[in-house]
Amino acid sequence: MSWWLDRCSIDHVVLERGDIANSWKTERWDSLRLLTPNWQSRLPGYGYQGSDPDGFRTMPETISFIEGYAGAMAAPVRTHTTVTSVRKHDDGYEVSTDQGNWKCETVVLATGACNIPTIPAVAAAVPATIRTLTPLQYRKPDQLEDGGVLVVGASASGVQIADEIQRSGRPVTLAVGEHVRVPRVYRGKDIKWWMDASGVLDQRFDEVDDIVRARHVPSLQLAGYADRRSIDLNSLTAIGVKPVGRVAGVNDGKAQFSGSLRNVCALADLKMNRLLGTIDEWARDHGQDVDVDPPHRFDATVVEESPPLLLDLARGKIKTIIWATGFRPDFSWLDVPVLDHKGNIRHDGGVVADSPGLYLLGLPFLRRRKSSLIDGVGDDARDLSAHLAAYLRDRVLSRPEMIAARG
Ligand SMILES: Cc1cc2nc3c(=O)[nH]c(=O)nc-3n(C[C@H](O)[C@H](O)[C@H](O)COP(=O)(O)OP(=O)(O)OC[C@H]3O[C@@H](n4cnc5c(N)ncnc54)[C@H](O)[C@@H]3O)c2cc1C
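Residues numbered from 1 in each chain as written. Predicted model: local features only at pLDDT ≥ 70, side-chain atom pairs only at ≥ 80, totals over all residues. Heavy atoms only, no water.

A.B. asks: Could you give an account of the sheet that holds strand S3 (residues 83–89), with specific residues and numbers?
C.D. replies: Strand order in the open sheet made by the three strands is S3-S4-S5, with antiparallel pairing throughout. Here the strands that pair on one side only, and so sit at the sheet edges, are S3 and strand S5 (100–104). Across the sheet, the axes of successive neighbouring strands diverge by a mean angle of 20°, strand direction being ignored. Pairing analysis gives five bridges linking strand S4 (residues 92–97) to S5, with the strands arranged antiparallel. Residue pairing for S5: Val 95 is matched across the bridge by Trp 102. (Pairing = 2+ DSSP bridges. Helix = DSSP H or I, 4+ residues; strand = E, 2+ residues; numbered from the N terminus. Axes fitted to C-alpha atoms, helices over the stretch in contact; angles between N-to-C directions.)

Put into structure tokens, the structure is as follows:
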């Protein structure tokens, strides 16, 4: 956004509570690599320059990349400045921070989609003897006591964490709800290449049938392993992870799992095949199926005959629970009445409703399917900066002296 505002010659400042790339420095586990290939971190005016476009960045590499961008564009970032409140002031906004206050005509809320882990209410009934962590607190398997681990959630974070904990010798039970299965590589090319080239990631928020639903689709079961292997329930079962249904309750020291495991897996397989079908069709129609492998399908997810419906947490086999059940943004500091009854900001593609001059960036499917990816923010910021520039221009033109000057 700062890059685009600069292009529009709009004075601005970027306030950051930590250092540049704070979330990547402080909220990610040690072994994490981006699940998007290096080429797919295209920021406005800045892309991958190295010799491994198909590789996956480690956290230190990701941090260098973001720091490099801020430096290259000389972004006006004020680090260690925490915003504690944003409220309406005259016909603009007052932004309070622990480093003083700002008055401004417009504010862009770009504080991230993953500030607070979403933990189901049943977590409150987990026996106190069991340690519970979220992906924001998890760093590496050695941080955990020896013994069994229940990982709840089988999307990107859950499957990656389950994989490395199981490989560390701690037996993992994985509670699986709705998830999105995709192969890392299809027909010899990265799945992200296909999704990008075929336009799947560019699908717009005003084109989908149910945008509320689209904004809540779980992240892909995908990891950026150097050997490009896929990660899914079959690969996890092969190393000994035990999949069970989603956690439905915790009662009397026992976790209860839903009986829906088979169904959610069948649905994920079906949707994966639908995506691969879309890719095949696109490849055929656009002459992209010449130098690639022929279409093929992957084995269906294998689910055991009767997955357990109960796990006795109190008997000592489970030492740790990791709630990999998603994240939500934190707008607790926003003192502008723009939240709906669920605590989500009411907005139209990032233009906040009923609060002119307030914008939102970096949330899932904000304006496009790729909106919450590093690669997606540039297009969204371009659109929103154009809206913001027009808003400022209209304000100037509506001043009495301007109206008088126009006669
Ligand atoms: C585990 C995990 C893995 C991911 N992997 C990928 C991937 O492989 N590829 C990809 O493209 N995307 C990935 N993402 C998504 C990724 O987070 C986004 O692409 C990207 O970080 C979004 O950038 P952002 O600036 O919008 O949000 P963030 O990176 O979260 O940055 C928001 C910033 O706002 C600051 N902030 C928050 N509140 C305040 C406040 N009150 N005052 C001042 N500053 C504040 C924070 O300190 C933070 O630096 C992943 C996310 C997670 C959680």
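A.B. asks: Could you give me a rundown of the sheet that holds strand S17 (residues 254–257), with the residues and numbers involved?
C.D. replies: The sheet built from three strands is open, its strands ordered S16-S17-S18 with antiparallel pairing. Each edge of the open sheet carries a strand with a single partner, namely strand S16 (247–251) and strand S18 (310–312). Neighbour to neighbour, the strand axes of the sheet diverge by 20° on average, direction disregarded. The pairing of S17 with S18 spans three bridges and is classified as antiparallel. Among the inter-strand pairings, Lys 254 is bridged to a residue of S18, identified as Asp 312.

A.B. asks: Go over the site of the ligand with me, naming the residues and quoting the values.
C.D. replies: Lining the immediate environment of the ligand, one finds 25 residues, of which Glu 16, Ser 23, Leu 35, Thr 36 and Ile 374 sit closest. Arg 17 has a polar side-chain atom sitting 2.9 Å from an oxygen atom of the ligand. Thr 36 is positioned with one of its side-chain polar atoms (N or O) 2.8 Å from a nitrogen atom of the ligand. When the free accessible area of the ligand is taken as 980 Å², the share hidden by the protein chains comes to 84%. (Near = heavy atom within 4 Å. Polar contact = N/O pair within 3.5 Å; in protein donor to acceptor, adjacent residues only side chain to side chain. Areas by Shrake-Rupley, 256 points an atom, 1.4 Å probe, with all protein chains shown as cover.)

A.B. asks: Please provide a residue-by-residue account of the pairing of S16, values included.
C.D. replies: For a regular strand, the rule is simple: side chains alternate between the two faces of the sheet. The pairing of S16 with S17 spans four bridges and is antiparallel. Across the sheet, residue Val 250 finds its bridge partner in S17, namely Ala 255.

A.B. asks: Account for the packing of aromatic side chains, naming residues and giving values.
C.D. replies: In total, this model carries nine aromatic pairs according to the counting rule given. On the numbers, 4.9 Å between centres and 85° between planes, the contact of Trp 3 with Trp 4 is edge-to-face. For the pair Tyr 46 and Tyr 69, a centre-to-centre distance of 5.0 Å together with 35° between the ring planes defines the contact as tilted. Placement of Tyr 46 in the loop between helix H2 (22–26) and helix H3 (59–72) and of Tyr 69 in helix H3 is noted, with a sequence separation of 23 residues between them. The class of Tyr 69 is buried, set by a relative accessible area of 12%. Taken together, the ring pairs in this structure connect Tyr 186, Trp 193, Trp 194, Trp 282 and Phe 298 into an aromatic cluster. Arg 229 extends its terminal NZ or CZ atom over the ring of Tyr 225, reaching a point 3.8 Å from the ring centre. (Phe/Tyr/Trp six-rings, centres within 6.5 Å; stacked < 30°, edge-to-face > 60°. Buried < 20%, exposed > 50% of the residue type's maximum accessible area, 1.4 Å probe, protein only. Lys NZ or Arg CZ within 6 Å of the ring centre and 35° of its normal.)

A.B. asks: Go over the layout of surface pockets with me, naming the residues and quoting the values.
C.D. replies: The gaps of empty space that remain are located by a probe, the size of a water molecule, rolled over the atoms. If you add up the space inside the second largest pocket, you get close to 280 Å³. Of all the elements in the fold, those that place two or more residues in the lining of the second largest pocket are strand S10 (172–176), strand S15 (242–245) and S18. For the lining of the second largest pocket, the leading source of residues is S18, giving three residues. Across the lining of the second largest pocket, the residue classes tally to eight nonpolar, three polar and four charged. (1 Å grid on protein atoms, 1.4 Å probe; cavity = no way out; pocket = protein on both sides within 12 Å on 5 of 7 lines; lining within 4 Å. Points joined across faces, edges and corners; volume = space filled by probe spheres on them. Nonpolar A, V, L, I, M, F, W, Y, C, P; charged D, E, K, R; others polar.)

A.B. asks: Give me the nonpolar core: which residues, what numbers.
C.D. replies: One recurring pattern in soluble globular proteins: nonpolar side chains tend to sit buried together. Formed by 40 residues in total, the largest nonpolar core has its most connected members in Trp 24, Val 151, Ile 165, Leu 174 and Ile 322. Elements represented by at least two residues in this core include exactly H3, strand S9 (148–152), helix H4 (156–167), S10, helix H7 (233–238) and helix H8 (261–285). Top contributing element to this core by residue count: H3, with five residues. Setting aside anything within four residues of it in sequence, one finds Ile 165 in contact with Tyr 138, Pro 141, Leu 144, Val 149, Arg 170, Val 172 and Ile 322. Core analysis: the next-biggest nonpolar cluster, separate from the first, contains 29 residues, Met 1, Leu 360, Leu 384 and Tyr 391 among them. (Core = buried A, V, L, I, M, F, W, Y, C linked by side-chain atoms within 4.5 Å. Contact = heavy atoms within 4.5 Å.)

A.B. asks: An account of helix H9 (residues 377–397) is requested, with residue identities and associated values reported.
C.D. replies: With 21 residues, H9 extends 30 Å from end C-alpha to end C-alpha; this agrees with the ideal 30 Å at 1.5 Å per step. Residues Gly 378, Asp 380, Ala 381, Asp 383, Leu 384, Ser 385, Leu 388, Ala 389, Tyr 391, Leu 392 and Arg 395 constitute the buried set of H9. In the core, the buried residues of H9 are packed alongside helix H1 (2–7), strand S6 (107–109), strand S22 (351–352) and strand S23 (358–360). (Expected span 1.5 Å × (residues − 1).)

A.B. asks: How would you summarise the pattern of salt bridges if you had to cite specific residues and measurements?
C.D. replies: All chains considered together, the criterion is met by 32 salt bridges. With a shortest N-O distance of 2.8 Å, Asp 269 and Arg 181 are connected by a salt bridge. Residue Asp 269 is found in helix H8, and its partner Arg 181 is found in strand S11 (residues 180–181); the two are separated by 88 residues along the sequence. For Asp 269, a relative accessible area of 9% puts it in the buried group. Classification of Arg 181 as buried rests on a relative accessible area of 5%. Of the charged contacts, one joins Asp 280 and Arg 297 as a salt bridge, the two residues approaching to 2.9 Å between their closest N and O atoms. Separated by 17 residues along the polypeptide, Asp 280 in helix H8 and Arg 297 in the loop between H8 and S18 bring together distant segments of the chain. Judged by its relative accessible area of 11%, Asp 280 falls in the buried class. Sharing partners across several salt bridges, the network here consists of Asp 202, Arg 367, Arg 368, Lys 370, Asp 379, Asp 380, Arg 382 and Asp 383. (Salt bridge = Lys/Arg side-chain N within 4 Å of Asp/Glu carboxyl O.)

A.B. asks: Which residues make up H3, and what are the values?
C.D. replies: Over its 14 residues, H3 extends 20 Å from the first C-alpha to the last, a length consistent with the 20 Å expected when each residue adds 1.5 Å. Residues of H3 that are buried include every one of Met 59, Thr 62, Ile 63, Phe 65, Ile 66, Tyr 69 and Ala 70, and no others. Down the axis of H3, the buried set is contained in an arc of 160°. They therefore lie on one face. Of the exposed residues in H3, those oriented more than 90 degrees away from the buried face are Pro 60, Gly 71 and Ala 72. The elements touched by buried residues of H3 are H1 and H2. Directly beyond the C-terminal end of H3, a positive phi value near 50° is found at Ala 74. (Arc of directions from axis to C-beta.)

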